[in-house]
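A look at the structure
What follows is each chain in one-letter form.
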Amino acid sequence: MRSNLFDASNQERQTTDRWALQSHKMLRCALTPEAPEIISAAGAMVAYQGQMDFSYQGSGGGMKLLKKMATGEGGNMMRTRGHGEIFYARQAEEIFLIQLEGDALTLNTRNMLAFDSSIQWDIRSLGGAGFMAGGLFNLFLQGHGMVAVTSDGPPMLLDCSQQPTFVDPQAAVCWSANLQPQLKNDFKMGSLIGRGSGESFQLGFHGPGFVVVQPSEGMPAASGS
């Protein structure tokens, strides 16, 4: 049998790294019983080799549980343990790895692919703004470990320290945890009827830090019946 499908460029890349990109759109993670488990977006696993155990990632109780019940965010997360290799991807989006070394990051939940369970996480929102703008709830990650994020197209890194920066909420991938985005509305209330996109609301950032923006508003959120 002959095909360029069998070229070496398409074969699994052998590496001793725990987190490794097989391509710009495929992530490989190595798991052992001694290593931290991996928390991922539900449905992000596309293949695995070896023995894996998948379970629902609970909220941990307390305020996290209340936030998940109120927002629905963080509810579609899975915890994986085992011995072997697991592969993650989502909608052929580009994948980027971020190593946390005791610092923190705020991440749009739609762009979260996976992270080490050694990292502390919480669900945060812009108060009532989340309900007004279609779900502005984000993951706050802090500690030591790896985080994998996705971008729907090549991302752009913006410096927010020089001047105010405004971003479509669905286009914001992640930003410095020290930045506290403010909701900005450039439209009159009459023009908001029937509008749910980021053209009605923007996230305003200003201060020492960065925000990563994708060239897309991402996949539309499924509307409830």
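This one's a predicted model, so the numbers in the text were calculated from it and none came from an experiment.

All right, on to the overall build of the protein chain then. Looking only at helices and strands, one finds 2 helices and 15 strands in the protein chain. A total of 225 residues make up the protein chain; the buried ones form 41% of that total. Taking contacts inside the protein chain between residues at least 6 apart in sequence as the whole, the part at least 24 apart equals 75%. Accessible area for the protein chain stands at about 12200 Å²; split by element, carbon and sulfur atoms hold 55% of it.

Below, the discussion takes up the sheet that holds strand β11 (residues 165–167). Strand order in the open sheet formed by 3 strands is β11-β14-β13, with antiparallel pairing between adjacent strands. Of all strands in the sheet, those with a lone pairing partner are β11 and β13 (182–185), marking the two edges. With strand direction ignored, the average angle separating the axes of adjacent strands in the sheet is 40 degrees. Bridge count for β11 against strand β14 (residues 201–205) is 3 bridges, and the pairing is antiparallel. Residue pairing for β14: V167 is matched across the bridge by L203.

We now examine the environment of Q51. Relative to the helices and strands, Q51 is located in strand β4 (residues 45–56). A C-alpha to C-alpha distance of 6.3 Å links Q51 and G84, two positions 33 residues apart in sequence. Residues within four places of Q51 in sequence aside, it is in contact with R81, G82 and H83.

Next up on the list: unusual backbone geometry. The residue Q91 is not glycine, and still its phi comes out positive at about 50 degrees. Since its relative accessible area comes to 57%, Q91 is described here as exposed. In this structure, A92 takes a positive phi of about 55 degrees despite not being glycine. By secondary structure assignment, the location of A92 is in the loop between β5 (77–88) and β6 (94–108).

Applying the stated criterion across every chain, the model contains 7 salt bridges. Residue R18 is joined to D116 by a salt bridge in which the shortest nitrogen-to-oxygen separation is 2.6 Å. On the criterion of sequence distance, the pair formed by R18 in the segment before β1 (19–23) and D116 in strand β7 (residues 112–116) is long-range, its members being 98 residues apart. Exposure remark for D116: the relative accessible area of 6% places this residue in the buried category. One salt bridge connects R90 with E93, and the closest N-O pair in it is separated by 4.0 Å.

Another aspect to go through is the packing of aromatic side chains. In this structure the tally under the stated criterion is 2 aromatic pairs. Here the guanidinium or amino end of R124 rests over the ring plane of F140, the centre of that ring lying 3.7 Å away. For K184, the ring lying beneath its charged end belongs to F166, and the centroid distance is 5.2 Å.

All right, on to a nonpolar patch on the surface then. Taken together, the side chains of M1, L5 and F6 define a hydrophobic patch exposed on the protein surface, amounting to about 420 Å² of accessible area. By the element assignment, F6 lies in the segment before β1.

Turning next to the side chain of E37. With respect to the helices and strands, E37 occurs in the loop between β2 (26–31) and β3 (38–41). For E37, a relative accessible area of 19% translates into the label buried. Only 2.7 Å separates the side chain of E37 from the side chain of R79, close enough to count as a polar contact. If we skip the residues at most four places from it in the chain, E37 touches R18, L31, R79, T80, R81, F115, D116 and S117.

Let us now look at the confidence of the model for the protein chain. Per-residue confidence for the protein chain gives a mean pLDDT of 83; residues scoring 70 or more make up 78%. Residue range residues 127–134 is modelled with pLDDT below 50. Its contacts to residues more than four positions away, or to other chains, number 12 contacts. Here residues 192–198 is a poorly scored stretch, pLDDT under 50, and it has 12 contacts once near neighbours within four places are set aside; other chains count.

Basis of the calculations
- Residues numbered from 1 in each chain as written.
- Predicted model: local features only at pLDDT ≥ 70, side-chain atom pairs only at ≥ 80, totals over all residues.
- Heavy atoms only, no water.
- Helix = DSSP H or I, 4+ residues; strand = E, 2+ residues; numbered from the N terminus.
- Buried < 20%, exposed > 50% of the residue type's maximum accessible area, 1.4 Å probe, protein only.
- Contact = heavy atoms within 4.5 Å.
- Areas by Shrake-Rupley, 256 points an atom, 1.4 Å probe, with all protein chains shown as cover.
- Pairing = 2+ DSSP bridges.
- Axes fitted to C-alpha atoms, helices over the stretch in contact; angles between N-to-C directions.
- Salt bridge = Lys/Arg side-chain N within 4 Å of Asp/Glu carboxyl O.
- Phe/Tyr/Trp six-rings, centres within 6.5 Å; stacked < 30°, edge-to-face > 60°.
- Lys NZ or Arg CZ within 6 Å of the ring centre and 35° of its normal.
- Patch = residues over 30% accessible without salt bridge, like charges linked within 9 Å, V, L, I, M, F, W, Y side chains within 5 Å.
- Polar contact = N/O pair within 3.5 Å; in protein donor to acceptor, adjacent residues only side chain to side chain.
- pLDDT = per-residue confidence, 0-100.

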